[in-house]
Amino acid sequence: MDRKLILALVFFLNFIFITAQQESSNVNTLADTPPMGWMSWNYFGDNLQEKDIQEMADAMVKSGLSDAGFQYIFIDDGWQGGRDSKNNIIPDLKKFPSGIKALSEYVHARGLKLGIYSDAAPLTCAGYTGSLNFEEQDAKTFASWGIDYLKYDYCGAPADSATAKIRYKKMSEALRHSGRDIAFGICEWGQRQPWKWAAAAGGQVWRTSGDIRDKWKNLTSDSGYGMLDILDVNAGLPDYAGKGHWNDMDMLVVGLYGKKGPSSDLGGIGCTDIEYQTQMSLWCMMASPLAASNDLRNMNDATKRILLNKEIIALDQDKLGRQCEKKINTKTWNVFTKQLANGDYALAILNREDKALDFHILFSELGLSGKYEIRDLWAHKVAGKDTKWKGRIQSHETKVFRLRKIDR
Ligand code: GLA
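Residues numbered from 1 in each chain as written. Predicted model: local features only at pLDDT ≥ 70, side-chain atom pairs only at ≥ 80, totals over all residues. Heavy atoms only, no water.

## Some words on the state of the cysteines
- For the structure shown, the criterion picks out one disulfide.
- A disulfide-free cysteine, Cys-187 has its sulfur positioned 6.7 Å from the sulfur of Cys-125, the nearest such atom.
- Under the relative-accessibility criterion, Cys-187 is labelled buried at 2%.
- Between Cys-284, a free cysteine, and Cys-324, which holds the nearest cysteine sulfur, the sulfur-to-sulfur gap is 10 Å.
- The class for Cys-284 is buried, based on a relative accessible area of 0%. (Disulfide = S-S within 2.5 Å. Buried < 20%, exposed > 50% of the residue type's maximum accessible area, 1.4 Å probe, protein only.)

## Digging into the packing of aromatic side chains
- Per the counting criterion, the structure on display carries 17 aromatic pairs.
- When the ring of Phe-142 is compared with that of Trp-145, the centres are 6.0 Å apart and the planes differ by 50°; the resulting orientation is tilted. Residue Phe-142 and its partner Trp-145 are both found in helix H5 (residues 135-145); the two are separated by three residues, about one turn of the helix. Assigned by exposure class, Phe-142 and Trp-145 land together as buried. (Phe/Tyr/Trp six-rings, centres within 6.5 Å; stacked < 30°, edge-to-face > 60°. Helix = DSSP H or I, 4+ residues; strand = E, 2+ residues; numbered from the N terminus.)

## Observations concerning the site of the ligand
- Not every one of the 13 residues close to the ligand is listed here, only the nearest: Asp-76, Asp-77, Lys-151, Asp-153 and Asp-211.
- Asp-77 places a polar side-chain atom, nitrogen or oxygen, 2.8 Å from an oxygen atom of the ligand.
- At 3.0 Å from an oxygen atom of the ligand is found a side-chain nitrogen or oxygen belonging to Trp-189.
- Summarising the interface, the protein chains cover 93% of the accessible area of the ligand, which totals 310 Å² for the free molecule. (Near = heavy atom within 4 Å. Polar contact = N/O pair within 3.5 Å; in protein donor to acceptor, adjacent residues only side chain to side chain. Areas by Shrake-Rupley, 256 points an atom, 1.4 Å probe, with all protein chains shown as cover.)

## Let's talk about helix H3 (residues 50-62)
- A rise of 1.5 Å per residue sets the reference length of H3, with its 13 residues, at 18 Å; its end C-alpha atoms lie 18 Å apart and thus fit the reference within 8%.
- Taken as a whole, H3 has its buried residues at Glu-50, Asp-52, Ile-53, Gln-54, Met-56, Ala-57, Ala-59 and Met-60.
- In the segment just after H3, Gly-64 is the residue with positive phi, at about 90°. (Expected span 1.5 Å × (residues − 1).)

## Describing the environment of Lys-399
- With respect to the secondary-structure elements, Lys-399 resides in strand S18 (residues 398-407).
- The buried category is assigned to Lys-399, whose relative accessible area is 17%.
- Along the sequence, Lys-399 and Cys-187 sit 212 residues apart, while their C-alpha atoms lie 30 Å from each other.
- Apart from residues no more than four positions distant in its own chain, Lys-399 is found in contact with Leu-347, Ala-348, Ile-349, Trp-389, Arg-392 and Ile-393.
- A distance of 3.3 Å separates the side chain of Lys-399 from the side chain of Glu-397, its partner in a polar contact. (Contact = heavy atoms within 4.5 Å.)

## Some points on the sheet that holds strand S16 (residues 381-386)
- An order of S11-S12-S13-S18-S15-S16 is seen for the six strands of this open sheet, with the pairing classed as antiparallel. Here the strands that pair on one side only, and so sit at the sheet edges, are strand S11 (325-329) and S16. Going across the sheet, the axis of each strand differs from the next one's by a mean of 25°, ignoring polarity.
- In this sheet, strand S12 (residues 333-339) lies alongside S11 in antiparallel orientation, the contact comprising four bridges. Considered in S12, the bridge of Ile-328 is made with Val-335.
- Contacting S11, S12 and strand S13 (345-351), helix H7 (residues 227-234) runs over the sheet at an angle of about 55° to S12. (Pairing = 2+ DSSP bridges. Axes fitted to C-alpha atoms, helices over the stretch in contact; angles between N-to-C directions.)

## Quick look at the nonpolar core
- Counting residues in each nonpolar core, the largest one holds 104 residues, and the members touching the most others are Trp-79 and Met-280.
- Of all the elements, helix H8 (residues 273-285) adds the most residues to this core, at six residues.
- For Trp-79, the contacting residues outside a window of four places in its chain are Leu-48, Ile-89, Ile-90, Pro-91, Asp-92, Phe-96, Ile-100, Ile-116, Tyr-117, Phe-142 and Trp-145.
- Counting 16 residues, the second largest nonpolar core, distinct from the first, contains Ile-328, Val-335, Ile-349 and Phe-359. (Core = buried A, V, L, I, M, F, W, Y, C linked by side-chain atoms within 4.5 Å.)

## A look at the packing of H3 against helix H4 (residues 100-109)
- Where H3 contacts H4, the axes come no closer than 9 Å and their chain directions differ by 15°. Viewed along their axes, H3 and H4 adopt a mutual orientation that is roughly parallel. The crossing of H3 and H4 is right-handed. Along the contact surface, H3 presents Glu-50, Ile-53, Gln-54, Ala-57 and Asp-58, while H4 presents Leu-103, Tyr-106 and Val-107.
- A breakdown of the residues in the contact of H3 with H4 according to their chemical character gives five nonpolar, one polar and two charged. (Parallel < 35°, antiparallel > 145°, perpendicular 65-115°, else oblique. Left-handed = near helix turned anticlockwise from the far one by under 90°. Nonpolar A, V, L, I, M, F, W, Y, C, P; charged D, E, K, R; others polar.)

The following block contains the structure:
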């Protein structure tokens, strides 16, 4: 081959390689750790009002949630007001009289980010304007408004996986070419095993289950997912989560108490604080995105204690990016371990029964040899230095410990 041609070929391949690397590193930086924020759906449904969203942004800062890592205000379904004469998607001006750009400026001025919602079909789940066939135009509109995240739903779209992959990829590419870094949340409820293809389709996060209800578990045949049902689905998927791409267990229902909104239907009667604490513990062990969905403007002390537990949040946001592994699985007990970036292990023990029970475990049974400092992350104190732990665990409680090796 002619020398010039070889040089040109090497140059070309190098260019392709660097571009590919840049693109993949670019995608990864959008969600190096699981996104954290507040999502509008469970509390407001589609009854969104600009003022409420602004107040939530203020409350996120004032309550200390933003200092603890909560960053996004995720506007869910119901913001849309159709399309204008040039087919640009527009907000419902009765709900958002100042427009979405003004709202994103409001949110950004508080050091937060703004997420928005659309759907891979003509209409969304609640019947509002979707983005099918307007992907590039809508992505550019979102970018021009200063949007940082798009939750992309799948109501009204065909059931097969091939179409889902095409439609999600189309929107992720549109976002990538929109001129702004916009993280992409895939929401097809785990029906087409998105953990196997959603990262390749450009998603930073993908829902693994149907919509969460504000309840412990699905006690009847009403089909609503409780926190335990979602835990059981997600616990089988640790191999698919990692830095930049996460299994999304849906919104936190912490602090909702069955009071309001879509999470209260299908048996969503509310949970106890111990159960809410369990949800926070296990969503963090699983490295799930954390989207609070309660009224941040009015939180009782228990809700604040749960959502603001920085030691638990640190497990979710750990730089190693591991989802925990289920080591013990009986009708009564679930035990999970999670390796952390500094060499520590997180250990979570869940009592699934309706009564308090005693539990004991040798760490060696979990593959953890030697002696550890055992820090109780809900009591915020060292519970001992040992090769084992024993104690009482309340009904539906999850104990979470951080184990730091002190002796071989
Ligand atoms: C679907 C999603 C929910 C929510 C609603 C909005 O059900 O899974 O999280 O976004 O649509 O209509």
